[in-house]
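# Fold and contact review
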Amino acid sequence: MGQEQDQTVYKLLTVIYIIILNVRGSTCKTPDPNFVLIVADDLGYGDLGCFGNTTIRTPHLDRLAAEGVKLTHNVAAASMCTPSRAAFLTGRYPIRSGMVAPHFMRAYPLTAAAGGLPTSEITIAEVTKKAGYRTAYLGKWHQGWSVDRSNPHHPHPLNQGFDYFYGVPLSNIPDFGESGGRILVSNLPHLPFQILLTFMLVLVSTICLIRVRYLPMYLGVLLIFLTGLVCGYLVFPHVQHEAVEFLHVQVLIDKLLNSFMFRNYDIVEQPIHLPSVTRKLVKESEEFLQARHTDHAPFLLLVSWLHVHTALATAPEFRGQSAHGPYGDAVEEMDWGVGQLMEMLERLGMADNTLVYFASDHGGAQMAKDFMGRVVGGFNGPFSGGKGDGSTEGSFRVPGIVRWPGHVPAGVVVREPVSLMDVLPTVAELLNVSDVTSGHVMDGVSMVPLLRGEERVSPHEFLFHYCGDSVHAVTYRPRSGTKMWKLMFREPDPNTKILVYLCNEAIHLDPPTLYDLSADPTASSPVPAGEHSQVVSAILKAVRQHQDSVQEVPSQLAWWRVIWQPWNQPCCNFPKCACEDEKFKGLFTD
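Values in this document were obtained by computation on a predicted structure and should not be read as measured data. (Residues numbered from 1 in each chain as written. Predicted model: local features only at pLDDT ≥ 70, side-chain atom pairs only at ≥ 80, totals over all residues. Heavy atoms only, no water.)

From N to C terminus, the chain includes 15 helices and 17 strands. Expressed as a percentage of its 590 residues, the buried residues of the chain come to 58%. Sequence-distant contacts in the chain: of pairs separated by 6 or more residues, those separated by 24 or more amount to 74%. Surface accessibility of the chain: about 24500 Å² in total, with carbon and sulfur atoms responsible for 58%. (Helix = DSSP H or I, 4+ residues; strand = E, 2+ residues; numbered from the N terminus. Buried < 20%, exposed > 50% of the residue type's maximum accessible area, 1.4 Å probe, protein only. Contact = heavy atoms within 4.5 Å. Areas by Shrake-Rupley, 256 points an atom, 1.4 Å probe, with all protein chains shown as cover.)

Next up, the structure:
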């Protein structure tokens, strides 16, 4: 009897011990991190205090860098908005998804265009959705657009893994502002381009006429009328300097065609009230974070600021406060926005379990001009070139910061090459859902070992720098030693500038120019390529292998995919085409 009692007590103690072990195991398990990804638009490498700027105040981003890892060799996969952001979202060079162009129009110029990021591509949001995350995209999208909510294959954030979208489908351009700035007048005064645009508009008009027989007559007439207005806007910019009345017509046209704020599929604001955009994105971010605090769901929040792409409009409290005019004011307002996000994370107790990543989408727009012809672009620090170039360091090198308390060290500087494409594989590894991208060639590589100090060498042996659909330069980081090389096949020709440099008109370098980035990080002093034939041979071999791995896919930026399609034109309160977001009505009127 006593022996049976002893066995019973033994079994009971065993069960209790197992329960204790399970409880300890469950309480000690580190929860999966939340993710806040923050992307600036056209921000230069040297625009932040933590990256060497001494005249623009960025205390919140400086603190973020001090509490995390600063990436000083962080590169974009393209030097224009649309392809660079496609690579960031997918972890793949944009040529693999067709988000590159063989011509100069390397980003979507119109909302009502046919092209867009294919929904067959796997995005960061879809990776986190696999792990049960709630997702939101706030701000600039610029990956193609569709108002057809019934078709899951049309380009739209909600068809790419995001649960919620609030922002702009296209971009922010000078025409949206109140200063009278016009992107084409400032940057495209050349007759050959006008002739090209004439051809494009004739094509659009022809398409309109073909579509008329399928549409009511009044709508067909309206489409042709709008086409004529656009033709006048694009093709005859010299008229703008002669007729003040026509200036207002031009600004009206671009605001009519492209200046929208959307909430999911619904236009909630037209035209955009630029001075309040940053505050609205902050408010939307706070609401999303508060909802996740309430439902305890893990989350991915991607905030894509409109700053510092022109037009440079800020809230009143930031105007005239910086040492660099409207551009500096915009950088400082963006920094304030980052600070608001971080404060919200801390207030909700989420900061320690949230990985925060910050970067610019590509180099600063050194050739951006305002309506008076003044350059209003960013500062790329010691690097030459900028937005739109295909091979210069200033076109691809961007500030990068990663903060995740207790998981990545604070105050560390990583000088090894990493890419915006690495964010998706990093997230996938942390969530153990790498299988979601199976079947896709991934160009990004997880940064986890490098961020944690487990590895000292970049996960990339080669990084290919594209201009349009061709490789203009390659960065080579051998697997041993400390050397880092760059081979340039082409360099920008300043005489071919149309908004940005023309890729196919870049100067062909024969032989290619070699730089030792480990000794010359700004790539300003070439070294004799003949003395480093093994390095050149390794790079040339890598280029061939990379190009062999790229399968031909339809270009999402082909001419017929970027021109205006009037039947897809969004409009708020037709025919008025103007509305104010009821959610923010009366809150941000300045």
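Picking up after the structure, the text goes on.
What follows is about unusual backbone geometry. With an omega of -5°, the peptide bond between Gln270 and Pro271 qualifies as cis. Within the fold, Pro271 resides in the loop between β6 (266–269) and α9 (277–295). Cis geometry is adopted by the peptide bond preceding Ala311, which originates at Thr310 and carries an omega value of 20°. Inspection of the secondary structure puts Ala311 in the loop between β7 (299–304) and α10 (325–347). Notably, Asn264 is not glycine yet its phi reads approximately 55°, a positive angle.

In this model, the chain carries an average pLDDT of 86, and 81% of its residues clear a pLDDT of 70 or more. Here residues 23–28 is a poorly scored stretch, pLDDT under 50, and it has zero contacts once near neighbours within four places are set aside; other chains count. (pLDDT = per-residue confidence, 0-100.)

Okay, the packing of helix α2 (residues 59–66) against α10 next. Between α2 and α10, the shortest axis-to-axis distance is 7 Å and the interhelical angle comes to 55°. Judged by the inter-axis angle, α2 sits oblique to α10. Each of Pro59, His60, Leu61, Arg63 and Leu64 in α2 lies in contact with α10, whose residues at this interface are Met334, Asp335, Trp336, Val338, Gly339, Met342 and Glu346. For the contact of α2 with α10, the per-class residue count stands at seven nonpolar, two polar and three charged. (Axes fitted to C-alpha atoms, helices over the stretch in contact; angles between N-to-C directions. Parallel < 35°, antiparallel > 145°, perpendicular 65-115°, else oblique. Nonpolar A, V, L, I, M, F, W, Y, C, P; charged D, E, K, R; others polar.)

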